[in-house]
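Coordinate inspection notes
Single-letter residue listing:
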Amino acid sequence: MAQMHPRAWQGQSGLRSAPDIRQAAHAVPNASTLEDILHELRVREIELEIQNEELRRVQLTLEESRDRYLDLYEFAPAGYLTLDEKGIIQEINLAGAALLGCERSRLLRRSLCKFIAPDDGDRYHQALSRALKRTEQNSIALKLNRPGDSAFHVQMNCVRVIASDGSVTVRVTLIDINESKRAEAEVENLAFYDSLTQLPNRRLLMERLRQSLASSSRTKRHGAVLFIDLDDFKTLNDTQGHDIGDLLLKSVGNRLLTSVREGDTVARLGGDEFVIMLQDLSENQFEAVSQGRAAAEKILTLLKMPHLLEGHDYRSSGSIGISLYSGTQTSVEELLKHADLALYRAKGAGRGTLKFYDPEMQAAVTARAVLESDLRRGLEGRQFVLRYQRQVNGKGQMVGAEALVRWEHPIRGLLLPEEFIPLTQEKGLIGLLGQWILETACAQLVAWSSEPATAHLTVSINVSAQEFFHPEFVRQTLATIDRIGADPRKLMLEVTESVVLEHMEEALVKIRDLKLRGVSFALDDFGTGYSSLTYLKRLSFDHLKIDRSLVRDVLKDPIDQSIARIVIALGHSLGLQITVEGIETVEQRDFFALDGCQCFQGFLFGHPAPVESLL
Ligand code: C2E
Ligand code: MG
Ligand code: MG
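Residues numbered from 1 in each chain as written. Chains lettered and ligands numbered in written order. Predicted model: local features only at pLDDT ≥ 70, side-chain atom pairs only at ≥ 80, totals over all residues. Heavy atoms only, no water.

**Regarding the site of ligand 1**
- Around ligand 1 sit 22 residues in total, of which Asn-462, Asp-524, Arg-548, Glu-584 and Phe-603 are the nearest.
- One of the side-chain nitrogen or oxygen atoms of Glu-402 is found 2.9 Å away from an oxygen atom of ligand 1.
- Take Asp-525: an N or O atom from its side chain is 3.0 Å from an oxygen atom of ligand 1.
- Considering ligand 1 on its own, with 790 Å² of exposed area, one finds that the protein chains cover 83% of that surface.
- Assessed atom by atom at 2 Å from the grid points, ligand 1 resides in the largest pocket.
- Elements with a minimum of two residues in the shell around ligand 1: β14 (398–409), α14 (417–426) and β18 (520–526).
- Element by element, the count of residues in the shell around ligand 1 is highest for β14, at 4 residues.
- Taken together, the residues that form the shell around ligand 1 break down as 8 nonpolar, 5 polar and 9 charged. (Near = heavy atom within 4 Å. Polar contact = N/O pair within 3.5 Å; in protein donor to acceptor, adjacent residues only side chain to side chain. Areas by Shrake-Rupley, 256 points an atom, 1.4 Å probe, with all protein chains shown as cover. 1 Å grid on protein atoms, 1.4 Å probe; cavity = no way out; pocket = protein on both sides within 12 Å on 5 of 7 lines; lining within 4 Å. Sits in = over half its atoms within 2 Å of the grid points. Helix = DSSP H or I, 4+ residues; strand = E, 2+ residues; numbered from the N terminus. Nonpolar A, V, L, I, M, F, W, Y, C, P; charged D, E, K, R; others polar.)

**Details of the nonpolar core**
- Core analysis: the biggest nonpolar cluster contains 73 residues, and Phe-468, Ile-546 and Phe-592 have the highest contact counts within it.
- Each residue touching Ile-546, except ones within four places of it in the same chain, is listed here: Phe-526, Val-551, Val-567, Ile-568, Ile-578, Thr-579, Val-580, Glu-581 and Phe-592.
- Counting 30 residues, the second-largest nonpolar core is a separate cluster that includes Ala-224, Phe-233, Leu-300 and Ile-322. (Core = buried A, V, L, I, M, F, W, Y, C linked by side-chain atoms within 4.5 Å. Buried < 20%, exposed > 50% of the residue type's maximum accessible area, 1.4 Å probe, protein only. Contact = heavy atoms within 4.5 Å.)

**Details of the packing of helix α10 (residues 242–258) against helix α11 (residues 285–304)**
- Closest axis-to-axis distance for the α10/α11 pair is 10 Å, and the angle between their directions is 145°. Here the hand of the crossing between α10 and α11 comes out right-handed. Along its contact with α10, which presents Val-252, Arg-255, Leu-256 and Thr-258, the element α11 presents Ile-299, Leu-302 and Leu-303.
- For the contact of α10 with α11, the residue count by class is 5 nonpolar, 1 polar and 1 charged. (Axes fitted to C-alpha atoms, helices over the stretch in contact; angles between N-to-C directions. Left-handed = near helix turned anticlockwise from the far one by under 90°.)

**A look at the coordination of the magnesium ion (ligand 3)**
- Taken together, Asp-524 (OD), Asp-525 (OD), Glu-581 (OE) and Glu-581 (OE) make up the protein donors of the magnesium ion (ligand 3), found 2.0 to 2.6 Å from the metal.
- Motif for the magnesium ion (ligand 3), donor spacing along one chain: D-D-x55-E.
- Taken as a pair, the magnesium ion (ligand 3) and the magnesium ion (ligand 2) show a spacing of 3.9 Å, with Asp-524 coordinating each metal. Residue Asp-525 is located in strand β18, and its partner Glu-581 is located in the loop between β20 (577–580) and α23 (586–594); the two are separated by 56 residues in the primary sequence.
- Accessibility expressed as a relative area gives 11% for Glu-581, which makes it buried. (Donors = N, O, S within 2.8 Å, 3.2 Å for Na, K, Ca; no water.)

**Focus on helix α12 (residues 332–348)**
- Between the first and last C-alpha of α12 there are 24 Å, a value that for 17 residues agrees with the 24 Å anticipated at 1.5 Å per step.
- Taken together, the buried positions of α12 are occupied by Val-332, Leu-335, Leu-336, His-338, Ala-339, Leu-341, Ala-342, Leu-343 and Ala-346. (Expected span 1.5 Å × (residues − 1).)

**Some remarks on helix α15 (residues 430–449)**
- In this model α15 runs 28 Å from its N-terminal to its C-terminal C-alpha over 20 residues, within 8% of the 28 Å that 1.5 Å per residue would give.
- Listed as buried for α15 are Ile-430, Leu-433, Gly-434, Trp-436, Ile-437, Leu-438, Ala-441, Cys-442, Gln-444, Leu-445 and Trp-448.

**Remarks on the coordination of the magnesium ion (ligand 2)**
- Every protein donor of the magnesium ion (ligand 2) is accounted for by Glu-402 (OE), Asn-462 (OD1), Glu-494 (OE) and Asp-524 (OD), and the metal-donor separations fall at 2.1 to 2.3 Å.
- Between consecutive donor residues of the magnesium ion (ligand 2), the sequence gaps follow E-x59-N-x31-E-x29-D.
- We classify Glu-494 as buried; its relative accessible area is 1%.

Structure representation (structure tokens):
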């Protein structure tokens, strides 16, 4: 480096006074002379200048890169903004302005927070202050509050930038994520809401019930689950089509929504099943019951009002099962099951009714479930027996017997048909049982046919609707008779009025086909339903069995007497044989005998008993 006169650099270096030189001497420890010190200082001066030059260059590069940054992002698809430390917009590209829904000129020098949805305001400010404190990126999803558009979703990234002059700015990137958020919301909607009615679905209901149980155990307040089912929805669907069915479901959903308070939930489980969750009922159980009842009654009334579906009034009704809850001692699943059970009972009690769940219901259901499994075992294990009840003529001579089934239950003892026939039918097992009864009765006929004293006896068996309308009924009955070798003329099938009325034309054909082979038919329990003369004429029965309910009061009640006489006259005029059931006294027998009845059955002549004790 070229030597310079000390004076020459004095002005440049700014070292003008003695203390400056003393300070410099300290900074150069190995310097021995003033010349050396000055030289050394000059060297350092030059080095500093180089460094300053370097800094200026860096600064220029930064400025340039800032401009380039803006140039680069002017037409970029994402929104780019520069904010000052207070969040005021300094610069913004076109896409940014478009995202904020405003002209660029009107955005500059305005606070970005004005464009953020109010409920996301706090999160925005937190992200900004985080960015100002640290240098790493901050990324959050936010909703923008655009003019005329309350929620537009963007992803916001922000990072602090310190300029050469020490000023601090925040660079913000806004990316449009509205579509993906909408898709996300839709997926959520599909997962938690019923697409037809937009009501919460089972999944969301269960979730809310869980929360409600937890909150009820804190507040000690009761809640209620109302299980609602429309009474005749299937008919509407079948007769008017599914579009109208859908309209009814929507209309019902809307009505249910109007009947509850804010905080309660109306959900659709599927089909015509709706569930309402009522929250914050009284702490007192009795009050909670009456609140639940009042709500359910209001709903039943609402459901009965006509629905206007495509210009037509449509009347409907619903049934409701209610289950109360308090705390978490019952699980959500159990709660729904209880309400469903109560609904089942409500349906059984007739249309438009409500029923509360009570533990006795549960006990009945449990007993039924036990009976159901016992029933299958009973059928396999031959626990069923036939008892026979004598049928006698006017002279008291036995002409035949009615076979009545009993279940010798290994624990519960002898069960009567009313205790198990309905369940057997419901479980589709009546066909199996009926087949066994037919076989046993036919075998009895065969046994009697071999003895002259008993060869004339007939056997009657009861046939339920499910058996009778089975497509194979006629074929199977005839095949059984043939296989066992019984005389079909000695076999009588008893059916009730309600059975034959169910499908009149089919009944007509079946009765005709069996009668062609000699099997005879009795109309059982006559006088209990509403009897129509037309069908009596069309269906060619052989016997008419007067029900014991008419017999019971025939001697006391003049109206019963008149009815009995009319029935007898009717039967005779149609050429039917009349059997009177439930004769318990001689007077009853005499009354009917005087009126021309020739066949009797009842405790007066014998209880249903094992076949050995008949003769
Ligand atoms: P049902 O066919 O009308 O049978 C007559 C019922 O009246 C029998 O009751 C019989 O025990 C009862 N009974 C007979 N005489 C008297 C009397 O003098 N006084 C009183 N109080 N009752 C009398 P059970 O055996 O309990 O049968 C009830 C019903 O169960 C039957 O009514 C029938 O509908 C049905 N049932 C019975 N056995 C069968 C069967 O094998 N298959 C089907 N599907 N149903 C059956
Ligand atoms: Mg009968
Ligand atoms: Mg009867």
